[in-house]
Amino acid sequence: RRLACGDVEGRLEALFGRIRAIQGKSGRFDMLLCVGNFFGSASETEWEDYRTGAKKAPIPTYVLGANDQETMSYFPNTSGCELAENITYLGRRGVYSGASGLQIAYVSGTEAQSEPAPAYSFSAKDVAELKVSLLSTSNFKGVDILLTSPWPRDVGAFANSAGEIDTKKCGSKLVSDLAASLKPRYHFAALEKVYYERLPYRNHTVLQETPQHVSRFIALADVGNTSKKKYLYAFSIVPMSLMDASELVKQPQDVTENPYRKLQKEIKKNRAPTSAEEEPARQFFFDLNKHQGKKRPSDGKESFQPKQTKKPSQPTGPCWFCLASPEVEKHLVVSIGTHCYLALAKGGLLPDHVLILPIGHYQSMVDLSLEVVEEVSKYKSALRKFFRSKGKRFVLFERNYRSQHLQLQVIPVPLDHCTSEDIKESFIAQAQEQQIELVEIPEHSDITQVAQPGTPYFYVELDTGEKLFHRIRGRFPLQFGREVLASQALLALPQRADWRQCTAERAEETAQASAFRRDFQPFDFALQ
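As the structure is a prediction and not an experimental result, all values here were calculated from the model. (Residues numbered from 1 in each chain as written. Predicted model: local features only at pLDDT ≥ 70, side-chain atom pairs only at ≥ 80, totals over all residues. Heavy atoms only, no water.)

Visitor: Explanation requested: the overall build of the chain in the structure shown.
Guide: The number of helices and strands found in the chain is 10 helices and 24 strands. Among the 528 residues that make up the chain, the fraction classed as buried is 53%. By sequence separation, contacts in the chain at least 24 residues apart represent 73% of the contacts at least 6 residues apart. Just so you have it, the chain exposes about 24400 Å², and 49% of that area is on carbon and sulfur atoms. (Helix = DSSP H or I, 4+ residues; strand = E, 2+ residues; numbered from the N terminus. Buried < 20%, exposed > 50% of the residue type's maximum accessible area, 1.4 Å probe, protein only. Contact = heavy atoms within 4.5 Å. Areas by Shrake-Rupley, 256 points an atom, 1.4 Å probe, with all protein chains shown as cover.)

Visitor: For this particular structure, what's the right way to read the side chain of R482?
Guide: Here R482 shows up in helix 9 (residues 480-486). At a separation of 2.9 Å, a polar atom in the side chain of R482 contacts the main-chain carbonyl oxygen of G347. (Polar contact = N/O pair within 3.5 Å; in protein donor to acceptor, adjacent residues only side chain to side chain.)

Visitor: Whenever I open this one, the nonpolar core confuses me. Can you help?
Guide: Soluble globular proteins tend to pack their nonpolar side chains together in the buried interior. Counting 32 residues, the largest nonpolar core has I356, L383 and F516 as its most contacted members. The set of elements that each furnish at least two residues to this core consists of strand 18 (340-344), strand 19 (354-358), helix 7 (370-389), strand 20 (392-400), strand 21 (408-414), strand 23 (457-462) and helix 10 (506-520). Ranked by the residues each element gives to this core, the list is headed by helix 7, at 7 residues. Core analysis: the second largest hydrophobic core is formed by 31 residues, C34, W47, V223 and L232 among them. (Core = buried A, V, L, I, M, F, W, Y, C linked by side-chain atoms within 4.5 Å.)

Visitor: I tried to follow the packing of helix 3 (residues 124-135) against helix 4 (residues 173-182) on my own but got confused; where do I start?
Guide: A packed helix pair is summarised by two numbers, namely the angle formed by the two axes and the spacing between the axes. For the pair helix 3 and helix 4, interaxial distance at closest approach is 10 Å and the crossing angle is 5°. The angle between helix 3 and helix 4 places the two elements in the roughly parallel class. Where helix 3 approaches helix 4, its residues A124, V127, L130, K131, L134 and L135 are matched on the opposing element by L174, D177, L178, S181 and L182. (Axes fitted to C-alpha atoms, helices over the stretch in contact; angles between N-to-C directions. Parallel < 35°, antiparallel > 145°, perpendicular 65-115°, else oblique.)

Visitor: Can you help me understand the sheet that holds strand 17 (residues 333-336) in this one?
Guide: Pairing is antiparallel in the open sheet, where 8 strands are placed in the order 17-18-19-21-20-23-24-22. Of all strands in the sheet, those bounded by a partner on one side alone are strand 17 and strand 22 (439-441). Across the sheet, the axes of successive neighbouring strands diverge by a mean angle of 25°, strand direction being ignored. Pairing analysis gives 3 bridges linking strand 22 to strand 24 (residues 467-471), with the strands arranged antiparallel. Across the sheet, the residue bridging to V439 is F469, located in strand 24. Contacts between helix 7 and the sheet are confined to strand 17, strand 18, strand 19, strand 20, strand 21 and strand 23, with strand 20 contributing the most and set at about 145° to the helix. Here helix 8 (residues 420-433) sits on the sheet in contact with strand 20, strand 21, strand 22, strand 23 and strand 24, set at roughly 165° to strand 23. (Pairing = 2+ DSSP bridges.)

Visitor: Would you take a moment to explain unusual backbone geometry for this structure?
Guide: Leave glycine aside and you will find that most residues have negative phi; peptide bonds, for their part, are mostly trans. Despite not being glycine, K193 shows a phi value in the positive range, around 65°. Its location among the elements puts K193 in the loop between strand 11 (186-189) and strand 12 (196-197). Looking at K193, the relative accessible area reads 30%, which means it is partly exposed. One non-glycine residue with positive phi stands out, namely Q435, at about 55°.

Visitor: I keep staring at the side chain of R153 and nothing clicks. Help me out?
Guide: Within the secondary structure, R153 sits in the loop between strand 10 (145-148) and helix 4. In this structure, R153 is buried with no salt-bridge partner, the nearest side chain bearing the opposite charge being E111 at 6.2 Å. There is a polar contact of 3.3 Å between the side chain of R153 and the backbone oxygen of C170. Non-local contacts of R153, meaning those with residues more than four positions away in its chain, are made with T167, K168, K169, C170, G171, S172, K173, S176, Y260 and L263. (Lys, Arg positive; Asp, Glu negative; His and termini not counted. Salt bridge = Lys/Arg side-chain N within 4 Å of Asp/Glu carboxyl O.)

This is the structure:
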């Protein structure tokens, strides 16, 4: 169950008060999708309470970006980021896919009137890149939801009246082209201060094309408007990927012709060759069904598209884990690659408890560049083989919360001590006891597909490839990963759950590092 909302314009108390009332009466909704102007000229007072954490949105809220220069300052990262607890800016354009498989395409801003497009606008190239990223996948049928701030031009053709809005003049032709290509089951827009629910329209030509699902366009008014026009829309939707094909393409009695056919012909006739394929689309994918960055070329063979290189950021203060930092305890380092290194954990749960760390300053797995991710994978593979040779399996976890440098904790567990299923069940059970929601990520997906940079999270990976994820909202126990592994159900070392109780003398640490380095050498790709 989802909620969609029109222009909020900074009226957060009015919006969230209304949602609390709805949820109190009708039960909880899964998410709130906001189109139009989320911020307005009077936003600062109410927003400060949410930005600082004094208040919290009652529902996971996803918003589009600025539509004018005045509100640009509220969006610190145009690629998308967490603005406050439970409030996420999706980004300039892209695709969001949740754990259920629901696919939401979005483009922020208004249509640019000149080139280069200002940061609060989108251009023909933006739309082309978003289309290419989806249409190039095999068996593409459409998206579940499309979010834009402007209306699509000519949406009222063949349809019920939009009242005082002249749909032949209002809205964006680029949005019409996007809607026609992506075939959303629901398309939400705002900015015009009115509520308009268009009759559903076809995405195929009758008797000429195979029947397809219908699309519904809904424009929403502004929050708290005095005319009491509808600004919140509640709906239930089963992801297209989970629906039976015959059920998906059912045509309602009031379905109309597609309003964009004529406009699409004009666009194709007048369009200059697009350069959308010249560079990869800059967008976030939260897709739990596909590998990030993969596209499927016309020959049906998969290939990786290059990911933009991310440079490591500069630490805000002394960092204990940047390899070039004088703070690093280099006697614990056991292997150095090109982009990453291995070090024994200080106060490790076991003598062979090891960390995978980037050499440069990256906060989390989500922030890593492609070449660093690839070397992390090499180290994981090498450690898996190394520990197996010792009769052990490893558990890997990351806590991206109250830490400034990525630390992938790798802890071995004897094979005859417990199974991977035992480990997974222990994490889930202890999470439930502490009201922590751990969800399983599909085997062939990774953390970068479910979390944006800046999102606090806890992540577990077993050597079987199984993965567990928790989106941290509020407080989180810092030693949770160690506590689970140290529990009686697994390693039975509860006294070692806190690393500060486990530190050793430097000479002992040096000896342990030397022994690990010697044993690991046959598996260390960095030496080959």
